[in-house]
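Structural overview for review
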Amino acid sequence: MFKRWFLGVAVGVSVMAIAGCGSSPQTNSAGSSDAPEVEFWTMQLQPKFTEYFNTLISEFEAGQSGLSVRWVDVPWSAMESKVLTAVSAKTAPDVVNLNPNFASQLASKNAWLNLDTVLTQEMRDRYLPKIWEANQIDGQTFGVPWYLTTRISFYNQDLFEQAGITAPPKTYEELAEVAAEVKANTGKYAFFATFVPGDSNEVLESMVQMGVTFTGEDGKAAFNTPAGIAAFRYWVDLYEQDLLPPEVLTQGHQHGIELYQAGETAIVNTSPEFIKTIQQNAPSIAAVSMPSDQITGSTGKKNVAVMNLVIPKDSPDQEAALEFALFVTNTENQLEFAKSANVLPSTVDAVEQYIAALEGESSENLISLARQVSARQLKDAEILIPAQKNLTQLQKFVYENLQAAMLGQKSVEQAVEDAAAAWDSLPR
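The rules behind these values
Residues numbered from 1 in each chain as written. Predicted model: local features only at pLDDT ≥ 70, side-chain atom pairs only at ≥ 80, totals over all residues. Heavy atoms only, no water. Helix = DSSP H or I, 4+ residues; strand = E, 2+ residues; numbered from the N terminus. Rg over C-alpha atoms; globule rule 2.2 N^0.38 Å. Buried < 20%, exposed > 50% of the residue type's maximum accessible area, 1.4 Å probe, protein only. Contact = heavy atoms within 4.5 Å. Areas by Shrake-Rupley, 256 points an atom, 1.4 Å probe, with all protein chains shown as cover. Polar contact = N/O pair within 3.5 Å; in protein donor to acceptor, adjacent residues only side chain to side chain. Pairing = 2+ DSSP bridges. Axes fitted to C-alpha atoms, helices over the stretch in contact; angles between N-to-C directions. Core = buried A, V, L, I, M, F, W, Y, C linked by side-chain atoms within 4.5 Å. Salt bridge = Lys/Arg side-chain N within 4 Å of Asp/Glu carboxyl O. Arc of directions from axis to C-beta. Phe/Tyr/Trp six-rings, centres within 6.5 Å; stacked < 30°, edge-to-face > 60°.

On to the overall build of the protein chain. Tallying secondary structure elements over the protein chain gives 20 helices and twelve strands in all. Against the globule reference of 22 Å for 428 residues, the protein chain gives a C-alpha radius of gyration of 22 Å, in line with a compact fold. Overall, the protein chain is about 70 × 55 × 40 Å in size when its C-alpha atoms are taken along their principal axes. Evaluated residue by residue, the protein chain yields a buried proportion of 56% over its 428 residues. Taking as baseline every contact in the protein chain between residues at least 6 positions apart, the subset at least 24 positions apart corresponds to 77%. In the structure as shown, the protein chain presents an accessible area of about 17,400 Å², 47% of it carried by carbon and sulfur atoms.

Right, dumping it as structure tokens:
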């Protein structure tokens, strides 16, 4: 579930790079076994960030009176099952690193501390407002925001020049125009987007950016509307006009990265750190690549991927757990971790300082330019597909019916109607 979330929402290359170290649970503890202790779980951050967290924990413990922190790093693939087991057995740790989608599922079962009962408005205001909202369900706050990524675009300047394009597209309307120009003048495709269920949520998110609302307050489908039909038609038209590679129906997001690195597409949507991969795998493509804003729709909305810290309701020392969670996510520590891990912070002050530091770097540094683009988007960034039950099913119904319309098996209107009916047939 975690892997799908990062691929679909953030195309989280930078976040995935953070989590690509270590393969078994490891711990770091300080103090005697009789001392009061906060147990802190992270998701596969050892060994790359062991030094960072050991220093962080030591600094926190130095300001306490006998309180120690026991750090447990859990493998990526095991986190979901371990958290579910621990919560069910009432043996959950005191502070857990999760993403809002999974955390919200347990929040709806009253598993986490309701932070609205213990945090002041001043504490909440330290964090970006839209990012704070990503950690809420039914009006209650279940987590503290930690680190973030936003999607950006890289474009191939050589292919743009061959196609006579002078500026990268900012909207999906402009993207369709660019796609036609690239195909007509170079014979290549402008970009790749997958319609494979279970892979990236990028197409689903694009519809939200175009003004589609997928579910109403009653949980039923709300996309069988003119806006929903127009969004379906956008993607169907691109496919029928041969402006999308045929593999969009069978290949996942990784294939799109491979096409861009091979010089076969002009645009790729990913994270700032992806340029490092291009530089390593395709230096000639990296040399002509430039970063640009995330492509959006008429709403101007932009997507962000969020990681948070939650406190189980059964924690024996909620006060100490909250104090540690706020320490980990304060401006100073977020800024340090963002620099170390090449992610974005989530406090207002840390974002301002992060951008200011990047602006002081060389304008010829492509990674710095990409990070600046990513960070500046945070003011407009939000979770485009809020956490909800059966989210994977929603994507499946939409993508399968989009595919049917692309292949001429259904009209666009019928595809939208069938997707909505399939969603409404699920038990609430």
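That was the structure; now back to the text.
Those residues of helix 16 (residues 331-341) not exposed but buried are N333, Q334, L335, F337, A338 and A341. With a side-chain oxygen lying 3.3 Å from the backbone nitrogen of E332, the N-terminal cap of helix 16 falls on N330. Positive backbone phi, approximately 60°, marks N342, located one or two places after helix 16.

Quick look at unusual backbone geometry now. In the segment running from Q46 into P47, the intervening peptide bond is cis, with an omega of 0°. Mapped onto the elements, P47 comes out in the loop between strand 2 (37-43) and helix 3 (50-62). For N110, which is not glycine, the phi dihedral falls at a positive 65°. A relative accessible area of 46% places N110 in the partly exposed class. Not every positive phi belongs to a glycine, and D242 is a case in point at roughly 60°. Position of D242 among the secondary structure elements: in the loop between helix 11 (226-240) and helix 12 (253-261). Taking relative accessible area as the criterion, D242 reaches 36% and is therefore assigned partly exposed.

The three strands are arranged 9-8-10 in an open sheet whose pairing can be described as antiparallel. Of all strands in the sheet, those with a lone pairing partner are strand 9 (267-270) and strand 10 (289-292), marking the two edges. Averaged over all pairs of adjacent strands, the angle between their axes in this sheet comes to 25°, without regard to strand direction. Note that strand 8 (residues 152-156) and strand 10 share four bridges and pair antiparallel. Paired with Y155 across the bridge in strand 10 is M290. Across the sheet, helix 12 is in contact with strand 8, strand 9 and strand 10; its angle to strand 9 comes to roughly 135°.

As a rule of thumb, soluble globular proteins bury nonpolar side chains together. With 74 residues, the main nonpolar core has F53, V83 and W112 as its most contacted residues. In terms of residue count, helix 15 (residues 318-328) provides more of this core than any other element does, eight residues in total. Filtering out sequence-adjacent residues up to four positions away, W112 remains in contact with V83, V87, L98, A103, L106, A107, F142, V310, I311, P312 and K313. Among the nonpolar cores identified, the runner-up in size contains 56 residues, and L175, L391, A422 and L426 belong to it.

Along the chain, A227 turns up in helix 11. A residue is classified by how much of its surface remains accessible, and A227, at 30% relative accessible area, is partly exposed. When the C-alpha positions of A227 and T213 are compared, they lie 8.5 Å apart, and in sequence the two are 14 residues distant. Every residue in contact with A227, bar those within four places of it in the chain, is listed here: G211 and V212.

Turning our eyes to something else, we now look at the pattern of salt bridges. All told, the structure shown has eleven salt bridges when counted by the stated rule. Put simply, K183 and D242 hold a salt bridge, and the shortest N to O gap is 2.6 Å. Of this pair, K183 sits in helix 9 (residues 172-186) while D242 sits in the loop between helix 11 and helix 12, and the two are 59 residues apart along the sequence.

Buried residues of helix 4 (residues 79-88): M79, V83, A86 and V87, and no others. Considered in projection along helix 4, the buried side chains sweep an arc of 95° and stay on one side of the axis. Away from its buried face by more than 90 degrees, helix 4 exposes T85 and S88. K90 lies just past helix 4 and shows a positive phi near 60°.

Another point: the pairing of strand 8. Among the five residues that make up strand 8, five are buried, leaving the element largely enclosed by the rest of the structure. Side chains I152, F154 and N156 project from strand 8 onto one buried face, and the interleaved S153 and Y155 project onto a second face that is buried too. Both strand 8 and strand 9 contribute to a ladder of four bridges, which runs antiparallel. Along strand 9, the bridge assignment pairs I152 with T270.

Within the secondary structure, Y127 is located in the loop between helix 6 (121-124) and helix 7 (129-133). Y127 sits in the buried class, given a relative accessible area of 3%. Distance in space between the C-alpha atoms of Y127 and S346 is 5.7 Å, their sequence separation being 219 residues. Excluding its chain neighbours within four sequence positions, the residues that come into contact with Y127 are W132, V144, P145, L326, T329, Q334, S346, T347 and V348.

Below, the discussion takes up the packing of aromatic side chains. Evaluation of the coordinates by the stated rule reveals 23 aromatic pairs. Ring geometry for Y52 versus F337: centroids 5.2 Å apart, planes at 45°, classification tilted. Residue Y52 is located in helix 3, and its partner F337 is located in helix 16; the two are separated by 285 residues in the primary sequence. Look at Y52 and you get buried, because its relative accessible area is 12%. Pairing Y155 with F160 gives two aromatic rings, centres 4.9 Å apart and planes at 25°, and the pair type is stacked. Across the pair, F160 and Y155 agree in class, each one buried. Pairwise contacts between aromatic rings join F40, F49, Y52, F53, F60, W71, W146, Y147, F324, F327 and F337 into one cluster.

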